[in-house]
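# Structure assessment
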Amino acid sequence: MQPIRQGDVILLPVQQIEGQKIPHLTLAEGEVTGHKHRITDGNAELYEKDSTLYLRVFSESALLAHKEHKAISIPQGDWMVKIQREYEPEGWRYVTDLKVNA
């Protein structure tokens, strides 16, 4: 399985999931727009350990949705959820989704 990216969220395949199950399926909340990256369809669970989220997809696939990005199908399996960072002269910062007005 290959990494999957949606905006500032990247899912990395992992062999095993640890942590405590959490009662929602929101992978990240947009810092600028407030829109959430979340699982909207499929059978999945989210876990957290040491401030890292892990997603387990039980169904053949699950749908990762966000209002400003195309929905993505996440295949069955175990995934680590990361928020991408980028380097600027001032230092590292988390990538943010920007809303562009036309």
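Just so we're clear, the structure is a prediction, and the values are computed from it rather than from any experiment. (Residues numbered from 1 in each chain as written. Predicted model: local features only at pLDDT ≥ 70, side-chain atom pairs only at ≥ 80, totals over all residues. Heavy atoms only, no water.)

## Considering the pattern of salt bridges
- All told, the structure shown has three salt bridges when counted by the stated rule.
- As a salt-bridge pair, lysine 21 and glutamate 45 come within 3.3 Å of each other at their nearest N and O atoms. Taken as a pair, lysine 21 in strand S3 (residues 20-22) and glutamate 45 in strand S6 (residues 44-49) lie far apart in primary sequence, 24 residues in all.
- Classification of glutamate 45 as buried rests on a relative accessible area of 19%. (Salt bridge = Lys/Arg side-chain N within 4 Å of Asp/Glu carboxyl O. Helix = DSSP H or I, 4+ residues; strand = E, 2+ residues; numbered from the N terminus. Buried < 20%, exposed > 50% of the residue type's maximum accessible area, 1.4 Å probe, protein only.)

## Here we look at the nonpolar core
- The biggest cluster of nonpolar side chains holds 18 residues, and the ones touching the most others in it are Leu11, Leu27, Leu55 and Ile74.
- Ranked by residues supplied to this core, first place goes to strand S7 (residues 52-66) with five residues.
- Sequence-distant contacts of leucine 27, that is, excluding residues within four places in its chain, are made with Leu11, His37, Arg38, Ile39, Leu46, Leu53, Leu55, Leu64 and Val81.
- Membership of the second largest hydrophobic core comes to five residues, among which are Val14, Tyr47, Tyr54 and Met80. (Core = buried A, V, L, I, M, F, W, Y, C linked by side-chain atoms within 4.5 Å. Contact = heavy atoms within 4.5 Å.)

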